[in-house]
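Architecture at a glance
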Amino acid sequence: MSQQDYIKDIARFGLENDQEKLLTTLNEFIEHNKISKKVNFALQLQSLLKDSLRKQKNSSLQKVGSPSHYQNVQDRETDDLILEKLTSDYGLDNLVCTTSAKDKLVNFLEEHREIELLAKYQLPISNKLLLYGPSGCGKTLASYVIAGELQKMMIVVNLGAIVSSKLGETSKNLAKIFRRAAQEDCIIFIDEFDSLGKVRDYSQDHGEMKRVVNTILQLFDYLPQSSMVICASNQKEMLDDALLRRFDLAISLELPDQQQIQELIKLVLKEGQFTFDRKISMKQLFDSAQGLSYYGIQKTLINAIKRSLFAQKHLRSTKLRINTQAWNELLKQEKEALDLK
Ligand SMILES: Nc1ncnc2c1ncn2[C@@H]1O[C@H](COP(=O)(O)OP(=O)(O)O)[C@@H](O)[C@H]1O
Ligand SMILES: [Mg+2]
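Here the structure is a predicted model, which is why all the values come from computation and not from measurement. (Residues numbered from 1 in each chain as written. Chains lettered and ligands numbered in written order. Predicted model: local features only at pLDDT ≥ 70, side-chain atom pairs only at ≥ 80, totals over all residues.)

Before going further, it helps to examine the overall build of the protein chain. On a plain count of helices and strands, the protein chain comes out with 16 helices and eight strands. By the burial criterion, 26% of the 341 residues in the protein chain qualify as buried. (Helix = DSSP H or I, 4+ residues; strand = E, 2+ residues; numbered from the N terminus. Buried ≥ 20, exposed ≤ 12 C-beta atoms within 10 Å, placed from the backbone.)

Listed below in structure tokens is the structure:
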């Protein structure tokens, strides 16, 4: 059947309220998309289907305190804590980093592609990853790369929100999220992981915070081999030693050096429509950009491209020339704004 035939059937069975046929067709359609390499679309549909089935199961009139009522309340609570649920098309080529970081990432991915082989030899799988380094250097991006490379759904958890809203509930909430991720075979991405450490500073309730850290330690220890948790932090030093030790792998994503800046530029200009209006000396460029994050450098370059585009839109040339001087200025301004010299 073609894509269009499936959609027609789904529409018909949906409108006719034929739940049984609708489900069969939807499942076939999901498989069809997996085979035709639209894996992300298939994952999104699958998640939609699971969510909706779970809600349906619990939507009939319920007795307060009954298991289905409890499940419903729990679903609503976890929904609040999940920032977003996503799939990704990013690949390793999208991330610029040191060879050491890239090697670690490649090996980590390989382990998850070879889960069965490792299981056969009863070797443990590394599934707890810490990404650390200054802001704008690719922690979130690296998590998207992992989700994209492994074609898995990812749950993004807002740890800041969990910890700050109801400290007393944090342990319970975290456990719920881990359970849900295991059920749905998702990656859990916990951003701002250091907020766990921060709270300890101004909270009088040391006991509560200890409990939260203990919960995390336990959740990590009992994490099923097929699940994966990625944590990101730009203040690794705020993290407890006991917590740090639990990670199977830590990858540091630092500010770019000269070569990485060059790679980033190539990545931004990869469509090939843009060239610089004069040959830039890498040394000079590095001086202007040093200290800025990948994000900062990319942002100023894109701004320079836009300005050059506006200035040259009347010229009917196919190749746009980027005003190198203008970019240099933008880099300097960006550094000033961040108080870098
Ligand atoms: N190492 C990198 N390689 C390529 N692009 C990057 C890199 N780091 C950051 N960027 C760009 O900056 C954006 C923001 O980076 P992000 O991953 O959110 O940083 P972080 O999570 O470390 O604060 C990314 O979406 C990407 O466009
Ligand atoms: Mg981030």
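This part takes up the site of ligand 1. The immediate surroundings of ligand 1 are formed by 15 residues, with G138, K139, T140, L141 and Y294 found nearest. If you list the elements that add at least two residues to the shell around ligand 1, you get α7 (139–150) and α15 (294–312). Looking at which domains feed residues into the shell around ligand 1, each of domain 2 (86–252) and domain 3 (258–337) supplies at least three. (Near = placed C-beta within 6 Å. Domains from an automatic or database assignment.)

Another aspect to go through is the nonpolar core. Counting residues in hydrophobic clusters, the biggest one holds 63 residues, and the most contacted among them are L131, I187, I188 and I230. The dominant element in this core, judged by the number of residues it contributes, is α7, at six residues. Excluding residues within four positions of it along the chain, I188 makes contact with I155, V157, I177, F178, A181 and V229. (Core = buried A, V, L, I, M, F, W, Y, C linked by C-beta atoms within 7 Å. Contact = placed C-beta atoms within 7 Å.)

Time to look at the packing of helix α13 (residues 258–268) against helix α14 (residues 282–289). To describe two helices that pack against each other, one gives the angle between their axes and the distance between the axes. Packing of α13 against α14 brings their axes to within 10 Å, and their N-to-C directions diverge by 95°. Classified by the angle between their axes, α13 and α14 sit roughly perpendicular to one another. Counting all contacts with α13, which are made through Q258, I261 and Q262, the residues of α14 involved are M282, L285, F286 and A289. (Axes fitted to C-alpha atoms, helices over the stretch in contact; angles between N-to-C directions. Parallel < 35°, antiparallel > 145°, perpendicular 65-115°, else oblique.)

The subject of this paragraph is the environment of G138. For G138, the position within the fold is in the loop between β2 (128–132) and α7. With sequence-adjacent residues up to four places away left out, G138 is seen in contact with L95, C97, L253 and Y294.

Our focus in this paragraph is helix α16 (residues 324–337). An α-helix turns once every 3.6 residues. As a result, residues three or four positions apart point the same way. Here α16 contains 14 residues, and its C-alpha end-to-end distance of 20 Å stays within 8% of the 20 Å for a straight helix at 1.5 Å per residue. If you check which residues of α16 are buried, you get W327, L330, L331 and E334. Viewed end-on, α16 has its buried residues packed into an arc of 100°, placing them on one side of the element. Residues of α16 that are exposed and point over 90 degrees away from its buried face: Q325, Q333 and E336. Lining the buried residues of α16 we find α14, α15 and β8 (320–322). Looking one or two places after α16, you find D339, whose phi comes out positive at around 65°. (Expected span 1.5 Å × (residues − 1). Arc of directions from axis to C-beta.)

Following both chains from N to C, one finds α15 and α16 inclined at 140°, their axes separated by 9 Å at the closest point. Comparing their axes, α16 and α15 come out oblique. α15 and α16 meet at a crossing whose hand is right-handed. Counting all contacts with α15, which are made through G296, T300, L301, N303, A304, R307 and S308, the residues of α16 involved are A326, W327, L330, L331 and E334. (Left-handed = near helix turned anticlockwise from the far one by under 90°.)

Within the element layout of this structure, R180 appears in helix α9 (residues 170–184). Along the chain, R180 and I155 lie 25 residues apart, while their C-alpha atoms are 9.6 Å from each other.

Bringing helix α2 (residues 19–35) into the picture now. With 17 residues, α2 should cover 24 Å at 1.5 Å per step; its first-to-last C-alpha distance of 24 Å lies within 8% of that length. Buried residues of α2: T25, L26, F29, I30 and N33, and no others. Projected onto a plane normal to the axis of α2, the buried residues spread over an arc of 145° and lie on a single side. Looking at α2, the residues exposed on the side facing more than 90 degrees away from the buried face are E20, E31 and I35.

Purely geometric numbers; function is a separate question.
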